[in-house]
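# Structural characterization, general
Listed below are the residues making up each chain.
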Amino acid sequence: MGNLIKVLTRDIDNNTGNFFLDFENSQPSQSERVVWEKVNQVLMEALVILDDLQAYRGAGEEIRQAIQSPGEEGVQEKAWAAVVPLVAKLKTFYQFSQKLDGCLSSLLDVLTGSGSSPTQHLEQEQALARQFAHILHFTLRFDELKMTNPAIQNDFSYYRQLLQYTTKHLNDDSTSKQIKSMLQVN
């Protein structure tokens, strides 16, 4: 992406920056339609992802209690039960990032394809340029939400720590049957 910006900046300098992007009224042309629809579908899903990330509260209290009471099975099971669905949500975020990566590659292929300068691409494919701007906005917002919510990293760290511990002790008699069965299902 840095190369796109570098090339675009160089191209703007060569053209003295005289081009117009109509972000409000841009509509995909027939040649843009397939990529535009693919990206648009992912961008619609991005709105849900941002809402889910903004609403993410974490299992901090359950984790704290589990760490303070390592010998109490009920507390450990409660923490596990709270963390597993949250980790599934984090997996959804990760899977979405992979989908976004694939769609961004398709979009950049069109916006940086041969035959035209980057400025010409932006002038001719304004609907796709608009989607590129939306992806950049999503990425910045997603990173901001992720960085300002420590529960995300804490939940995942606790999950990984618990998995490592219980995997080592899966055949140990001190690990409860209920925890063993939960681990084997998940």
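The preceding data block contains the structure.
First, a word on scope: everything that follows refers to the structure included in this document. Computed from a predicted model, the values in this text were never measured in an experiment.

The rules behind each value
Residues numbered from 1 in each chain as written. Predicted model: local features only at pLDDT ≥ 70, side-chain atom pairs only at ≥ 80, totals over all residues. Heavy atoms only, no water. Phe/Tyr/Trp six-rings, centres within 6.5 Å; stacked < 30°, edge-to-face > 60°. Helix = DSSP H or I, 4+ residues; strand = E, 2+ residues; numbered from the N terminus. Buried < 20%, exposed > 50% of the residue type's maximum accessible area, 1.4 Å probe, protein only. Axes fitted to C-alpha atoms, helices over the stretch in contact; angles between N-to-C directions. Parallel < 35°, antiparallel > 145°, perpendicular 65-115°, else oblique. Left-handed = near helix turned anticlockwise from the far one by under 90°. Contact = heavy atoms within 4.5 Å. Nonpolar A, V, L, I, M, F, W, Y, C, P; charged D, E, K, R; others polar. Salt bridge = Lys/Arg side-chain N within 4 Å of Asp/Glu carboxyl O.

## Some remarks on the packing of aromatic side chains
Summed over all chains, the structure comprises five aromatic pairs. Ring centres of Trp-80 and Tyr-159 lie 5.6 Å apart, and the angle between their planes is 15 degrees; this geometry places the pair in the stacked category. In this pair, Trp-80 sits in helix 4 (residues 73–111) while Tyr-159 sits in helix 7 (residues 150–168), placing the two residues 79 residues apart along the sequence. In this structure Trp-80 comes out as buried when scored by relative accessible area, which is 5%. Ring centres of Phe-96 and Phe-138 lie 5.4 Å apart, and the angle between their planes is 75 degrees; this geometry places the pair in the edge-to-face category. Of this pair, Phe-96 sits in helix 4 while Phe-138 sits in helix 6 (residues 126–147), and the two are 42 residues apart along the sequence. Phe-138 carries the same exposure label as Phe-96, and that label is buried. Each member of the aromatic cluster is reached from another via a ring pair, and the members are Phe-93, Phe-96, Phe-138 and Phe-142.

## What to know about the packing of helix 4 against helix 6
Relative orientation of the contacting elements helix 4 and helix 6 amounts to 150 degrees, with a least axis distance of 11 Å. Judged by the angle between their axes, helix 4 and helix 6 are roughly antiparallel. Read as a crossing pair, helix 4 and helix 6 show a hand that is left-handed. Each of Phe-93, Phe-96, Leu-100, Cys-103, Leu-104, Leu-107, Leu-108, Val-110 and Leu-111 in helix 4 lies in contact with helix 6, whose residues at this interface are Leu-128, Ala-129, Gln-131, Phe-132, Ile-135, Phe-138, Thr-139 and Phe-142. The class makeup of the residues in the contact of helix 4 with helix 6 is 15 nonpolar, two polar and no charged.

## Some remarks on the pattern of salt bridges
Throughout the structure, instances matching the rule amount to five salt bridges. Salt-bridge contacts for Lys-146 lead to Asp-143; the nearest nitrogen and oxygen are separated by 3.8 Å. With Lys-146 and Asp-143 both in helix 6 and three residues apart, this pair spans about one turn of that helix. For Asp-143, a relative accessible area of 35% corresponds to the partly exposed category.

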